[in-house]
Amino acid sequence: MAEDAMITRINGYPISAGFGDIDSVHKIPHKGVDIAVPIGTPLHAISDATVTRVNDSGALGFGKSVRMKTEDGTEIIYGHLSRVTAQHGDHVSAGDIVALSGNTGHSTGPHVHVQIVSDSGALIDPTPVAQLAAEPSGIMDHVRGFADWFVGKERDIIAGPVRSTLSAFLHDLIAVLNINSAEIITLAIVSCAGGMMISPIIGDRGKWMGRLFIAFWGGIIWRVTT
Ligand SMILES: [Zn+2]
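Q: Tell me about the overall build of the chain, residues and numbers included.
A: Helix and strand counts for the chain stand at four helices and eleven strands. Split into buried and exposed, the 226 residues of the chain put 41% on the buried side. When the accessible area of the chain is evaluated, it comes to approximately 11,900 Å², of which 60% is carbon and sulfur surface.

Shown next as C-alpha coordinates:
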(Lines give C-alpha, C1' and ligand atoms only; values in the text may rest on other atoms or scores of the structure.)
Protein backbone atom coordinates (compact mmCIF):
# COMPACT_ATOMS: atom_id res chain seq x y z
CA MET A 1 0.00 0.00 0.00
CA ALA A 2 1.15 3.50 -0.73
CA GLU A 3 1.99 5.68 2.23
CA ASP A 4 -0.78 8.06 1.21
CA ALA A 5 -3.37 5.27 1.34
CA MET A 6 -5.46 7.41 3.68
CA ILE A 7 -6.11 9.95 0.93
CA THR A 8 -9.41 8.97 -0.71
CA ARG A 9 -10.21 12.11 -2.72
CA ILE A 10 -8.36 14.61 -4.89
CA ASN A 11 -10.02 18.01 -5.31
CA GLY A 12 -13.24 16.38 -4.14
CA TYR A 13 -13.11 13.65 -6.79
CA PRO A 14 -12.85 10.05 -5.47
CA ILE A 15 -9.60 8.17 -6.02
CA SER A 16 -10.78 4.94 -7.69
CA ALA A 17 -7.32 3.33 -7.57
CA GLY A 18 -4.34 4.63 -5.62
CA PHE A 19 -0.65 4.49 -6.53
CA GLY A 20 0.72 0.99 -5.88
CA ASP A 21 -2.72 -0.55 -5.32
CA ILE A 22 -3.31 -4.19 -6.23
CA ASP A 23 -6.93 -5.19 -6.84
CA SER A 24 -9.13 -7.21 -9.21
CA VAL A 25 -8.40 -4.82 -12.10
CA HIS A 26 -4.73 -4.15 -11.27
CA LYS A 27 -2.87 -7.45 -10.92
CA ILE A 28 0.47 -5.65 -10.57
CA PRO A 29 0.94 -2.55 -8.39
CA HIS A 30 -0.94 0.35 -9.97
CA LYS A 31 1.56 2.61 -11.76
CA GLY A 32 -0.37 5.82 -11.29
CA VAL A 33 -3.40 7.29 -9.55
CA ASP A 34 -6.95 7.01 -10.91
CA ILE A 35 -9.20 9.99 -10.23
CA ALA A 36 -12.92 9.44 -10.89
CA VAL A 37 -13.62 12.73 -12.67
CA PRO A 38 -16.75 13.07 -14.88
CA ILE A 39 -16.26 12.61 -18.63
CA GLY A 40 -15.19 15.89 -20.23
CA THR A 41 -13.33 17.31 -17.24
CA PRO A 42 -10.53 19.56 -18.55
CA LEU A 43 -7.10 18.21 -17.60
CA HIS A 44 -4.27 20.66 -17.02
CA ALA A 45 -0.53 20.18 -17.49
CA ILE A 46 0.95 19.86 -13.99
CA SER A 47 4.26 21.31 -15.17
CA ASP A 48 5.84 23.07 -18.12
CA ALA A 49 6.47 20.30 -20.63
CA THR A 50 6.63 19.20 -24.26
CA VAL A 51 3.94 16.88 -25.65
CA THR A 52 5.88 13.80 -26.78
CA ARG A 53 3.05 11.46 -27.75
CA VAL A 54 -0.68 11.54 -28.50
CA ASN A 55 -1.97 7.99 -28.81
CA ASP A 56 -5.19 6.00 -29.21
CA SER A 57 -4.99 2.32 -28.33
CA GLY A 58 -8.71 1.75 -28.90
CA ALA A 59 -10.41 -0.46 -26.31
CA LEU A 60 -7.07 -1.60 -24.88
CA GLY A 61 -4.72 -0.08 -22.32
CA PHE A 62 -4.95 3.67 -21.86
CA GLY A 63 -7.30 4.22 -24.83
CA LYS A 64 -6.74 7.86 -25.75
CA SER A 65 -3.68 9.15 -23.93
CA VAL A 66 -1.15 11.97 -23.90
CA ARG A 67 2.47 11.90 -22.80
CA MET A 68 4.47 14.98 -21.85
CA LYS A 69 8.12 15.41 -20.91
CA THR A 70 9.48 18.08 -18.61
CA GLU A 71 12.89 19.67 -19.10
CA ASP A 72 14.53 17.25 -16.63
CA GLY A 73 13.20 14.24 -18.54
CA THR A 74 10.29 13.39 -16.25
CA GLU A 75 7.39 11.86 -18.19
CA ILE A 76 3.77 12.68 -17.33
CA ILE A 77 1.02 10.44 -18.74
CA TYR A 78 -2.78 10.96 -18.75
CA GLY A 79 -4.87 7.96 -19.85
CA HIS A 80 -8.49 6.97 -20.65
CA LEU A 81 -9.23 10.39 -22.21
CA SER A 82 -12.16 11.41 -24.41
CA ARG A 83 -10.02 13.89 -26.32
CA VAL A 84 -6.47 15.19 -26.39
CA THR A 85 -6.57 18.91 -27.14
CA ALA A 86 -2.79 19.40 -27.21
CA GLN A 87 -0.79 18.38 -30.28
CA HIS A 88 2.36 16.32 -30.55
CA GLY A 89 5.33 18.69 -30.16
CA ASP A 90 3.39 21.39 -28.33
CA HIS A 91 5.18 23.22 -25.55
CA VAL A 92 2.68 23.53 -22.73
CA SER A 93 2.85 25.58 -19.56
CA ALA A 94 1.74 24.41 -16.12
CA GLY A 95 -2.02 24.94 -15.97
CA ASP A 96 -2.66 24.70 -19.72
CA ILE A 97 -5.56 22.41 -20.70
CA VAL A 98 -4.09 19.47 -22.63
CA ALA A 99 -6.97 16.97 -22.70
CA LEU A 100 -10.51 16.12 -21.64
CA SER A 101 -11.07 13.15 -19.38
CA GLY A 102 -13.08 10.16 -20.59
CA ASN A 103 -13.66 6.44 -20.25
CA THR A 104 -11.64 5.00 -23.17
CA GLY A 105 -9.34 1.98 -23.26
CA HIS A 106 -9.39 -0.71 -20.58
CA SER A 107 -11.55 1.19 -18.11
CA THR A 108 -14.45 0.30 -15.83
CA GLY A 109 -15.82 3.84 -15.42
CA PRO A 110 -15.10 7.51 -16.15
CA HIS A 111 -11.71 8.45 -14.68
CA VAL A 112 -8.28 9.78 -15.53
CA HIS A 113 -5.10 7.77 -14.96
CA VAL A 114 -2.22 10.06 -13.99
CA GLN A 115 1.26 8.52 -14.12
CA ILE A 116 4.69 10.05 -13.61
CA VAL A 117 7.96 8.36 -14.60
CA SER A 118 11.38 9.79 -13.77
CA ASP A 119 14.18 10.22 -16.30
CA SER A 120 15.70 6.94 -15.05
CA GLY A 121 12.41 5.07 -15.54
CA ALA A 122 11.35 4.95 -11.87
CA LEU A 123 7.66 5.40 -11.09
CA ILE A 124 6.88 8.47 -8.99
CA ASP A 125 3.77 8.69 -6.79
CA PRO A 126 1.65 11.32 -8.60
CA THR A 127 -0.84 11.72 -5.72
CA PRO A 128 0.65 14.94 -4.25
CA VAL A 129 0.59 16.77 -7.59
CA ALA A 130 -2.42 15.12 -9.26
CA GLN A 131 -4.69 17.85 -7.88
CA LEU A 132 -3.08 20.22 -10.40
CA ALA A 133 -4.18 17.96 -13.29
CA ALA A 134 -7.88 17.76 -12.44
CA GLU A 135 -8.69 21.11 -10.93
CA PRO A 136 -12.36 21.71 -10.21
CA SER A 137 -13.45 24.34 -12.70
CA GLY A 138 -16.04 26.06 -10.54
CA ILE A 139 -18.97 27.15 -12.66
CA MET A 140 -18.28 24.52 -15.34
CA ASP A 141 -18.55 21.72 -12.77
CA HIS A 142 -22.13 22.92 -12.18
CA VAL A 143 -22.83 22.89 -15.90
CA ARG A 144 -21.40 19.36 -16.22
CA GLY A 145 -23.48 18.35 -13.20
CA PHE A 146 -26.55 19.78 -14.90
CA ALA A 147 -25.76 17.84 -18.08
CA ASP A 148 -25.60 14.63 -16.00
CA TRP A 149 -28.88 15.50 -14.30
CA PHE A 150 -30.55 16.44 -17.60
CA VAL A 151 -29.53 13.21 -19.29
CA GLY A 152 -30.61 11.27 -16.20
CA LYS A 153 -34.10 12.83 -16.34
CA GLU A 154 -34.49 11.75 -19.95
CA ARG A 155 -33.72 8.10 -19.17
CA ASP A 156 -37.33 6.99 -19.61
CA ILE A 157 -37.72 8.37 -23.10
CA ILE A 158 -34.22 7.99 -24.51
CA ALA A 159 -32.75 4.53 -25.11
CA GLY A 160 -29.51 3.61 -23.35
CA PRO A 161 -27.00 3.84 -26.23
CA VAL A 162 -28.50 7.14 -27.38
CA ARG A 163 -28.39 8.38 -23.80
CA SER A 164 -24.70 7.65 -23.35
CA THR A 165 -23.97 9.24 -26.73
CA LEU A 166 -25.97 12.29 -25.69
CA SER A 167 -24.19 12.35 -22.35
CA ALA A 168 -20.77 12.19 -24.04
CA PHE A 169 -21.88 14.85 -26.52
CA LEU A 170 -23.02 17.21 -23.77
CA HIS A 171 -19.85 16.68 -21.74
CA ASP A 172 -17.76 17.22 -24.85
CA LEU A 173 -19.71 20.28 -25.90
CA ILE A 174 -19.50 21.88 -22.48
CA ALA A 175 -15.83 21.06 -22.00
CA VAL A 176 -14.80 22.23 -25.44
CA LEU A 177 -16.75 25.46 -25.18
CA ASN A 178 -15.14 26.03 -21.77
CA ILE A 179 -17.16 29.17 -21.68
CA ASN A 180 -18.05 31.82 -19.16
CA SER A 181 -21.60 32.57 -18.09
CA ALA A 182 -22.07 35.52 -20.46
CA GLU A 183 -21.29 33.24 -23.37
CA ILE A 184 -23.64 30.57 -22.02
CA ILE A 185 -26.48 33.10 -21.94
CA THR A 186 -25.69 34.26 -25.49
CA LEU A 187 -25.65 30.65 -26.63
CA ALA A 188 -28.91 30.01 -24.80
CA ILE A 189 -30.64 32.89 -26.57
CA VAL A 190 -29.31 31.78 -29.95
CA SER A 191 -30.32 28.16 -29.27
CA CYS A 192 -33.82 29.12 -28.13
CA ALA A 193 -34.29 31.31 -31.19
CA GLY A 194 -33.02 28.46 -33.35
CA GLY A 195 -35.35 26.00 -31.65
CA MET A 196 -38.35 28.29 -32.18
CA MET A 197 -37.41 28.96 -35.80
CA ILE A 198 -37.23 25.29 -36.76
CA SER A 199 -40.48 24.44 -34.94
CA PRO A 200 -42.94 25.60 -37.62
CA ILE A 201 -40.83 24.12 -40.41
CA ILE A 202 -40.73 20.51 -39.26
CA GLY A 203 -44.02 20.30 -37.40
CA ASP A 204 -44.71 18.65 -34.06
CA ARG A 205 -41.34 16.97 -33.83
CA GLY A 206 -39.73 20.38 -34.29
CA LYS A 207 -41.90 21.83 -31.57
CA TRP A 208 -40.73 19.12 -29.21
CA MET A 209 -37.10 19.76 -30.15
CA GLY A 210 -37.62 23.47 -29.66
CA ARG A 211 -38.98 22.87 -26.17
CA LEU A 212 -36.05 20.61 -25.39
CA PHE A 213 -33.61 23.32 -26.51
CA ILE A 214 -35.38 25.87 -24.32
CA ALA A 215 -35.59 23.52 -21.34
CA PHE A 216 -31.93 22.57 -21.64
CA TRP A 217 -30.49 26.04 -21.96
CA GLY A 218 -33.03 27.49 -19.55
CA GLY A 219 -31.92 24.88 -17.07
CA ILE A 220 -28.28 25.77 -17.56
CA ILE A 221 -29.02 29.47 -17.00
CA TRP A 222 -31.01 28.60 -13.89
CA ARG A 223 -28.27 26.33 -12.61
CA VAL A 224 -25.51 28.83 -13.32
CA THR A 225 -27.25 31.93 -11.99
CA THR A 226 -28.69 30.47 -8.77
ZN1 LIG B 1 -4.96 3.72 -13.56
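Next comes the rest of the account.
Q: Kindly report on the pattern of salt bridges, identifying the contributing residues and their values.
A: On inspection of all chains with the given rule, the structure shows one salt bridge. With a shortest N-O distance of 3.7 Å, Arg 67 and Glu 75 are connected by a salt bridge.

Q: Could you give me a rundown of the coordination of the zinc ion, with the residues and numbers involved?
A: The zinc ion binds to the protein through His 30 (NE2), Asp 34 (OD), Asp 34 (OD) and His 113 (ND1), with metal-donor distances spanning 2.0 to 2.7 Å. Every donor counted, the four donor atoms about the zinc ion form angles of 52 to 153 degrees at the centre, which fits irregular coordination. For the zinc ion, all donor residues lie on one chain, and their spacing in sequence is H-x3-D-x78-H. A residue pair is termed long-range when its members are at least 10 positions apart, and His 30 in the loop between strand E2 (13–17) and strand E3 (33–35) and His 113 in strand E10 (residues 112–117) qualify at 83 residues. Here His 30 and His 113 have matching classes, each one buried.

Q: Lay out the pairing of strand E7 (residues 75–84) with the relevant residues and their values.
A: Most of E7 is tucked away, with nine of its ten residues classed as buried. Alignment of strand E6 (residues 64–69) against E7, held across five bridges, turns out to be antiparallel. From the neighbouring strand, Lys 64 faces E7, where its bridge partner is Leu 81. Here E6 folds back onto E7, and the loop between the two strands holds five residues, one of which, Gly 73, carries a positive phi near 90 degrees. Of the strand pairs in this sheet, E7 and strand E9 (residues 97–101) are connected by three bridges, and their pairing is antiparallel.

Q: Describe the layout of surface pockets, naming the residues involved and giving the relevant values.
A: Here the largest pocket is characterised by a volume of approximately 480 Å³. Lining the largest pocket are 23 residues; nearest its centre among them are Val 25, His 26, His 30, Asp 34 and His 106. Going through the elements one at a time, E2 and E10 are the ones with two or more residues in the lining of the largest pocket. Of the residues in the lining of the largest pocket, the class split is seven nonpolar, twelve polar and four charged.

Q: An account of the environment of Gly 73 is requested, with residue identities and associated values reported.
A: Positionally, Gly 73 belongs in the loop between E6 and E7. When the C-alpha atoms of Gly 73 and Val 117 are compared, they prove to be 8.8 Å apart, with 44 residues separating the residues in sequence.

Q: Before we move on, could you go through the side chain of Glu 75 and cite the residues and values that matter?
A: If you trace the backbone, Glu 75 turns up in strand E7. Every residue in contact with Glu 75, bar those within four places of it in the chain, is listed here: Thr 52, Arg 67, Met 68, Lys 69, Gln 115, Ile 116 and Val 117.

Q: Report on the nonpolar core, specifying residues and quantitative values.
A: One finds Ile 35, Val 66, Met 68, Tyr 78, Leu 81, Val 98 and Val 112 to be the most contacted residues of the largest nonpolar core, which totals 27 residues. Ignoring any residue separated from it by four or fewer positions in sequence, one finds Val 112 in contact with Val 33, Asp 34, Ile 35, Val 37, Leu 43, Tyr 78, Gly 79, Leu 81 and Ser 101.

What counts, and at which threshold
Residues numbered from 1 in each chain as written. Predicted model: local features only at pLDDT ≥ 70, side-chain atom pairs only at ≥ 80, totals over all residues. Heavy atoms only, no water. Helix = DSSP H or I, 4+ residues; strand = E, 2+ residues; numbered from the N terminus. Buried < 20%, exposed > 50% of the residue type's maximum accessible area, 1.4 Å probe, protein only. Areas by Shrake-Rupley, 256 points an atom, 1.4 Å probe, with all protein chains shown as cover. Salt bridge = Lys/Arg side-chain N within 4 Å of Asp/Glu carboxyl O. Donors = N, O, S within 2.8 Å, 3.2 Å for Na, K, Ca; no water. Tetrahedral: all angles 85-135°; square planar, octahedral: opposite > 155°, others 65-115°. Pairing = 2+ DSSP bridges. 1 Å grid on protein atoms, 1.4 Å probe; cavity = no way out; pocket = protein on both sides within 12 Å on 5 of 7 lines; lining within 4 Å. Points joined across faces, edges and corners; volume = space filled by probe spheres on them. Nonpolar A, V, L, I, M, F, W, Y, C, P; charged D, E, K, R; others polar. Contact = heavy atoms within 4.5 Å. Core = buried A, V, L, I, M, F, W, Y, C linked by side-chain atoms within 4.5 Å.

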